[in-house]
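Survey of secondary and tertiary structure
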Amino acid sequence: MLAKQLSVFLENKSGRLTEVTEVLGAAGVNLSALSIADNSDFGILRCITSDPDKAYKVLKEAQFAVKLTDVIGFACPNTPGALSNVLRCLSDEGVFIEYMYSFSNGHMANVVIRPTDLQLCESILQRKKVELLADSDLYKL
């Protein structure tokens, strides 16, 4: 099941992340999950929000460089080796993962991935009986 993720490009300067969170907060949009990757010039904030379309709109209006991307969310046991088992199923069938972030919640871990082939990845996960997370579940975590 595909979910929408925002990618926000941020200059590496103090306060830019704060500005994003203020814009989203003022619009009543909650952050469910996020990851930040950076290099010397800029960072990329990847996030799942309670309302991705509204988040996109308000961030664009606030002059942020932002795009919406489809990602896949799944849950797996929060135990040693559980994630590697899922990733092995994908890599054995040629699925390349561009990036991933995850967060645990008790006995389960929630994982967000961006594979190069969304449909193939989703079909493999379904066939292997991996618990896919509906977009609505990710948006309200």
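Moving on, we come to helix α1 (residues 16–26). Within α1, burial applies to R16, V20 and L24. Each buried residue of α1 lies within a common arc of 75 degrees when the element is viewed along its axis, so the set occupies one face. Every exposed residue of α1 that faces more than 90 degrees away from the buried side is listed here: E22 and A26. Tucked into the core, α1 has its buried residues touching β1 (2–11), β2 (31–38), β3 (42–49) and α2 (52–61).

With that out of the way, let us pick up the state of the cysteines. Per the counting criterion, the structure on display carries zero disulfides. With no disulfide of its own, C76 has C89 as its nearest cysteine by sulfur position, at a separation of 11 Å. By relative accessible area, which is 5% here, C76 ends up buried.

Criteria and thresholds
Residues numbered from 1 in each chain as written. Predicted model: local features only at pLDDT ≥ 70, side-chain atom pairs only at ≥ 80, totals over all residues. Heavy atoms only, no water. Buried < 20%, exposed > 50% of the residue type's maximum accessible area, 1.4 Å probe, protein only. Helix = DSSP H or I, 4+ residues; strand = E, 2+ residues; numbered from the N terminus. Arc of directions from axis to C-beta. Contact = heavy atoms within 4.5 Å. Disulfide = S-S within 2.5 Å.

Nothing here speaks to function; it is geometry throughout.
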